[in-house]
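This is what each chain is made of:
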Amino acid sequence: MNSILFSKKSFSTGGLPAPYNTMEEATTDPNAMSELNQGKKLACLNAGVVKAVLSYFGGETAEIALVKISETVYATEAALAQGRLIASLQANGTIRAAVVTEEGYRPLPNLRTEEDFDATPLLLGFFPILREKFEEVNALLEQLEGNSNRHEPFDGGALYKLSDALYRIFTEKKMEIDDQSGAIALLEEQTVSLGGMRYHKVLCGTPVLLCHTASSAGAKAAVTVAEAKELFRAFSAQFQWAEEELDLIPVFDDSFPVPEETMKLARRFVHSRSEQRPMVNFMWRGITAYGKSTGVEVMACILHMPLLRVTCHSNMETQDFLSDFVPNAAAAQPLERPSFAEIAENPAGAYFRMTGSRKEDATPDQCMEAYASLVRETQSNVPRFKHVASNYVKALEKGYIVEVQEISRIKDSGVLVGLNEYDRPGAVIPLVDGSHTRRHRNAVVVYTDNVGYNSCRLLDPSVIRRMACIIDSYDMPKQKVFERLYRNTRVEEQSVLETCYTVWSKLREFCQDKGITDGSISVSELEMWVLTAKLDGFSDLKQDCIECVVAKGSNDMEEQAAMISSVVDLYL
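Throughout what follows, the structure given in this document is the object of discussion. Just so we're clear, the structure is a prediction, and the values are computed from it rather than from any experiment.

## Regarding unusual backbone geometry
- Here the amide bond leading from Ala18 into Pro19 is cis, since omega sits at 5°, within 30 degrees of zero.
- The residue Pro19 is located in the segment before strand S1 (26-27) in this model.
- With a phi close to 60°, Glu406 is a non-glycine residue in the positive phi region.
- As for its position among the elements, Glu406 is in the loop between strand S14 (401-405) and helix H17 (414-417).

Take a look at the structure:
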């Protein structure tokens, strides 16, 4: 069954501008056929593909507008006889669209029964997504872009091949779309009016309706640490921390960019202080190496609050959040006692070995007293370890920020449920000596968690319910990745960054498609690859990739070999 993006009418080239209206609708020219179509008798030119290409490379004057909302979501806008078409298209194949008239937002007709409806705007919306997913499409569009830059008519052979490639992709369901048997889900008016279609880049055309929600057109610069500190100066001025508490406040350069997620958490915490139910418990989850823990550190920095951490493990118990075992200094002994000859010859040195205190005028008699005391302590039953309040309790009691890391690693989902009674300011918290304290009104708990690992477990719904909000960070936009790479590696060569990013992205996709999950291919691996390449003088990108990315992506030699042959060898 043909895709809804390709109707019978879409194959008619009669309505195209010159010279494309004179091109054959079907041809047996082998130069106009894709490699996979060589065995067939003809290649068909699709008018919808040609119109989409004309808009895609048409600049501001293109008939159809295409905008980028995020790394995985794009939107198109076009004029129709019935009104204006607005469509949202996602990398997972989700489509939402509406025809906007004076009466409001109406759904599109069923594209299986209304074959006269021009689906070109929907097809155009998938162009940037298809470029990421299919190298063949990307190569053909790059070839056509070369014609555009020279202001020449687009190469006919490339148009035939692109038509063939896109037809196969959608008809053979290499990329599935949720057309619901021809019916496209309605794009609600509230989605546009409330900012859900706000874009940050125009790829072609001039939006008319979408521009009303594009207040952030053009990437908005991140707030710096210095600017954030100024924003929260009135809040942080209330604190009078002791010297040892100041040592717990992270320090960042004033020019360091504050993550958007960090600003959200900080604003919601500070601005809810006077509310009946202030926001003091947050969850931030996402892919490893996204920068969640660094984001929490930045939050502590800009709010001028000490930060403590608790790292969870599979056998964690609720009591582990309330107390820790630490070595008992009173029971710690020197590895060996000085001899009587050493006491007589060097009393000051012997005294220091036995007591840990320097006493330059120590006498042999004083050393003998210390020796006797040491013997008594050694023979006593002083415990080697003692109970102390945990970082979690210290932070809640003193009004710090505490980051609780990797909570989904805990085997028993009921462990965190035991902390629910401490989730609000003023809650009573038991101490290890049997006494109690109360949660400070300024104490903040940020639960950070990775996703996608076999060791991650589901959380109890009651734990989720007690979060003020949950921020999900499952993907980092390409521009942010590049900014992070430059900040941490100081590599400016755009060609190197583009090459490394492309190979790294393809390796991630390969591992996801093949179910390879025993390793890690995060932004951190990309960062180390770029840094290693820099240190090696960019002399062997391939080997550096194998050592910094492939080797960390899997421990299995066969899987590593597949990653190299299927991805690395194709690009490096």
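## As for the pattern of salt bridges
- One pass over the full model with this rule turns up 16 salt bridges.
- Asp423 is the partner of Arg466 in a salt bridge, and the nearest nitrogen-oxygen pair spans 3.1 Å. A residue pair is termed long-range when its members are at least 10 positions apart, and Arg466 in the loop between helix H18 (461-465) and strand S18 (469-473) and Asp423 in the loop between H17 and strand S15 (428-430) qualify at 43 residues.
- The partly exposed category is assigned to Arg466, whose relative accessible area is 28%.
- For Asp423, a relative accessible area of 14% translates into the label buried.
- Each of Glu136, Asp164 and Arg168 takes part in salt bridges that share partners, so that together they form one network.

## Comments concerning helix H1 (residues 47-56)
- The buried fraction of H1 amounts to eight of the ten residues, a majority that puts the element mostly inside the structure.
- Burial in H1 covers these residues: Ala47, Gly48, Val49, Val50, Ala52, Val53, Ser55 and Tyr56.
- Sitting at the head of H1, Asn46 places a side-chain oxygen 2.9 Å from the backbone nitrogen of Gly48.

## A word on the sheet that holds strand S11 (residues 307-311)
- Spatial strand order, S11-S14-S17-S10-S18: five strands in an open sheet with parallel pairing. Because the sheet does not close on itself, it has two edges, and the strands there are S11 and S18. The mean inter-strand angle of the sheet, taken between neighbouring strand axes irrespective of direction, is 20°.
- Sheet topology places strand S10 (residues 281-286) next to S18; five bridges connect them, and they run parallel. The residue bridging Gly286 from the neighbouring strand is Ser473, located in S18.
- Against the sheet, helix H11 (residues 292-303) makes contact with S10, S11, S14 and strand S17 (444-450), and its axis sits at roughly 165° relative to S17, the strand it touches most.

## What to know about the environment of Ala65
- Considering the arrangement of structural elements, one finds Ala65 in strand S3 (residues 65-68).
- The buried category is assigned to Ala65, whose relative accessible area is 4%.
- Between the alpha carbons of Ala65 and Met175 there is a distance of 23 Å; along the sequence they are 110 residues apart.

What counts and what doesn't
Residues numbered from 1 in each chain as written. Predicted model: local features only at pLDDT ≥ 70, side-chain atom pairs only at ≥ 80, totals over all residues. Heavy atoms only, no water. Helix = DSSP H or I, 4+ residues; strand = E, 2+ residues; numbered from the N terminus. Salt bridge = Lys/Arg side-chain N within 4 Å of Asp/Glu carboxyl O. Buried < 20%, exposed > 50% of the residue type's maximum accessible area, 1.4 Å probe, protein only. Polar contact = N/O pair within 3.5 Å; in protein donor to acceptor, adjacent residues only side chain to side chain. Pairing = 2+ DSSP bridges. Axes fitted to C-alpha atoms, helices over the stretch in contact; angles between N-to-C directions. Contact = heavy atoms within 4.5 Å.

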